[in-house]
Amino acid sequence: EAGGAALGRAADKLFSLSGLFAVRKPKGPTSAAVLNLLKERLLAEAGVQTNGNKRNQVLKIGHGGTLDSAATGVLVVGIGKGTKMLGTMLAGSKKYTAVGVLGKATDTLDATGKVTEEKPYDQVTKGDLENVLRKFTGDIMQVPPLYSALKKDGERLSTLMKRGEAVEAKPARPVRVYSLSLQQFQPPLFTLDVECGGGFYVRSLVNDIGKELSTCATVQELTRTKQGPFTLEEHALHEDKWTIDEIARSLEHCTALLPGGPARKKLKTEHPGETAVICE
């Protein structure tokens, strides 16, 4: 019975968790799959049977902005009442480090896609690239990628594309780039640091930069290094720390990062078409 009592306490602690924390998303799974794995781990640790759940308690958990499956980095997670605060994360600023490759375009705008075009790139200098970056800084218009989590008639564009359905590009929309800098240039590879607002796609940026340089370009690697106040180095829990106690500790630490603390109301500044994903 002692084990049962300990599990009971773990379950009580799990269902009392509330707030926002961050995990490090590995490369490969979708953001939703990462959330499901996290949820499974926590329920298993608490000894809660998910099928025919006798406790009649649902573990509310959601994330504040999708990362592509090929991307890694900070994924902000809301648990309990924290799921209501995820909207502010979608609208807030994010930082990314992206490695782009010149001379290649793909249908997904990243390394997971089929190559659709190859062009020479040897004419592109470091100076050319730096000059072009100025055009993409500030308030700009951006067409989101066809392979994306945006929806048409309730279905994700990426799902429609994979089924081979004709998908029209979404219209260009205003996005904000706070800063954009070239970190490395070793043709065909170039590394960018980007800080941007909500609804921004780094894949579209790299694709547009390629066109602007009269060649083409696609994302080879993408890492989100910061989302809102959560940084990859300081706050994102690696997979081995996906435990009830580690998350409880992280929630305490992270509540202090959020302006106005727990009383913060959900801001109505989300981009249309972007919603926080909540699994129940």
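A quick note: this is a predicted structure, and the numbers were derived from the prediction, not measured. (Residues numbered from 1 in each chain as written. Predicted model: local features only at pLDDT ≥ 70, side-chain atom pairs only at ≥ 80, totals over all residues. Heavy atoms only, no water.)

A. Just the overall build of the protein chain, in detail. Check the secondary structure of the protein chain and you find 7 helices and 15 strands. Partitioning the contacts of the protein chain with sequence separation of at least 6, the portion at a separation of at least 24 is 74%. Here the protein chain displays about 13900 Å² of accessible surface, and carbon together with sulfur accounts for 51% of that area. (Helix = DSSP H or I, 4+ residues; strand = E, 2+ residues; numbered from the N terminus. Contact = heavy atoms within 4.5 Å. Areas by Shrake-Rupley, 256 points an atom, 1.4 Å probe, with all protein chains shown as cover.)

B. Focus on the nonpolar core. Formed by 29 residues in total, the largest nonpolar core has its most connected members in Leu180, Phe190, Leu192, Val194, Phe200, Leu205 and Ile209. Looking at this core, the elements that each hand over two or more residues are β4 (94-102), α4 (126-135), β10 (173-186), β11 (189-196), α6 (202-212) and β12 (217-227). If you tally residues by element for this core, the top one is β10, at 5 residues. Setting aside residues up to four positions removed in sequence, Ile209 forms contacts with Leu129, Val132, Leu133, Phe136 and Leu192. In this structure, Phe15, Phe21, Ala46 and Ile79 belong to the second largest nonpolar core, which totals 25 residues. (Core = buried A, V, L, I, M, F, W, Y, C linked by side-chain atoms within 4.5 Å. Buried < 20%, exposed > 50% of the residue type's maximum accessible area, 1.4 Å probe, protein only.)

C. Inspection of the pairing of β4 at higher detail. Counted residue by residue, β4 has 7 buried out of 9 residues, so it is predominantly covered. Taken together, the 8 bridges between β4 and β11 define a ladder with antiparallel strand orientation. Residue pairing for β11: Thr97 is matched across the bridge by Asp193. Two elements, β4 and β12, share 9 bridges in a ladder whose sense is antiparallel. Directly across from Lys95, in β12, lies its bridge partner Lys226. (Pairing = 2+ DSSP bridges.)

D. Structural context of the UniProt feature "domain: tRNA pseudouridylate synthase B C-terminal" (unreviewed entry) in the protein chain. As annotated in UniProt, the feature "domain: tRNA pseudouridylate synthase B C-terminal" (unreviewed entry) corresponds to residues 203-238 in the numbering used here. Between the C-alpha atoms that bound residues 203-238 the distance is 25 Å, and the span itself is 28% helix and 42% strand. (UniProt positions renumbered as here; feature names shortened; annotations may be inferred.)

E. Geometry of the confidence of the model for the protein chain. Mean pLDDT over the protein chain stands at 89; residues scoring 70 or higher make up 89%. In the model, residues 261-273 has pLDDT below 50 throughout and makes 18 contacts with residues more than four positions away in sequence or in other chains. (pLDDT = per-residue confidence, 0-100.)

F. Inspection of the pattern of salt bridges at higher detail. On inspection of all chains with the given rule, the structure shows 10 salt bridges. Among the salt bridges present, the one from Asp139 reaches Arg176, with a minimum N-O distance of 2.7 Å. Pair noted here: Asp139 is in strand β7 (residues 138-142) and Arg176 is in strand β10, with a separation of 37 residues, a long-range link. Looking at Asp139, the relative accessible area reads 58%, which means it is exposed. (Salt bridge = Lys/Arg side-chain N within 4 Å of Asp/Glu carboxyl O.)

G. A look at helix α7 (residues 244-255). The first and last C-alpha atoms of α7 sit 16 Å apart over 12 residues, in line with the 16 Å expected at 1.5 Å per residue. Listed in full, the buried residues belonging to α7 are Ile244, Ile247, Ala248, Ser250, Leu251 and Cys254. The buried residues of α7 all sit within an arc of 165° when viewed along its axis, so they share a single face. When the buried face of α7 is taken as reference, the exposed residues oriented beyond 90 degrees from it are Arg249 and Glu252. (Expected span 1.5 Å × (residues − 1). Arc of directions from axis to C-beta.)

H. Main features of unusual backbone geometry. Residue Pro188 follows Pro187 across a cis peptide bond; omega there is 5°. Within the element layout of this structure, Pro188 appears in the loop between β10 and β11. One non-glycine residue, Leu109, lies in the positive phi region at around 70°. With respect to the secondary-structure elements, Leu109 resides in the loop between β5 (104-106) and β6 (115-118). You can call Leu109 buried: its relative accessible area is 13%. The residue Ser214 is not glycine, and still its phi comes out positive at about 60°. Relative to the helices and strands, Ser214 resides in the loop between α6 and β12. Residue Ser214 is classed as exposed on the basis of its relative accessible area, which comes to 57%.

I. Region of interest: the side chain of Thr108. Inspection of the secondary structure assignment puts Thr108 in the loop between β5 and β6. Apart from residues no more than four positions distant in its own chain, Thr108 is found in contact with Gly113, Tyr147 and Arg203.

J. Focus on the side chain of Thr88. In this structure, Thr88 sits in helix α3 (residues 86-91). Among the residues examined, Thr88 registers a relative accessible area of 8% and is labelled buried. Among the polar contacts listed, one links the side chain of Thr88 to the backbone oxygen of Met85, at a separation of 2.6 Å. (Polar contact = N/O pair within 3.5 Å; in protein donor to acceptor, adjacent residues only side chain to side chain.)

K. Representation of α4. Along α4, the positions that sit buried rather than exposed are Leu129, Val132 and Leu133. The buried residues of α4 occupy an angular sector of 110° when projected down its axis, which confines them to one face. When the buried face of α4 is taken as reference, the exposed residues oriented beyond 90 degrees from it are Arg134 and Lys135.

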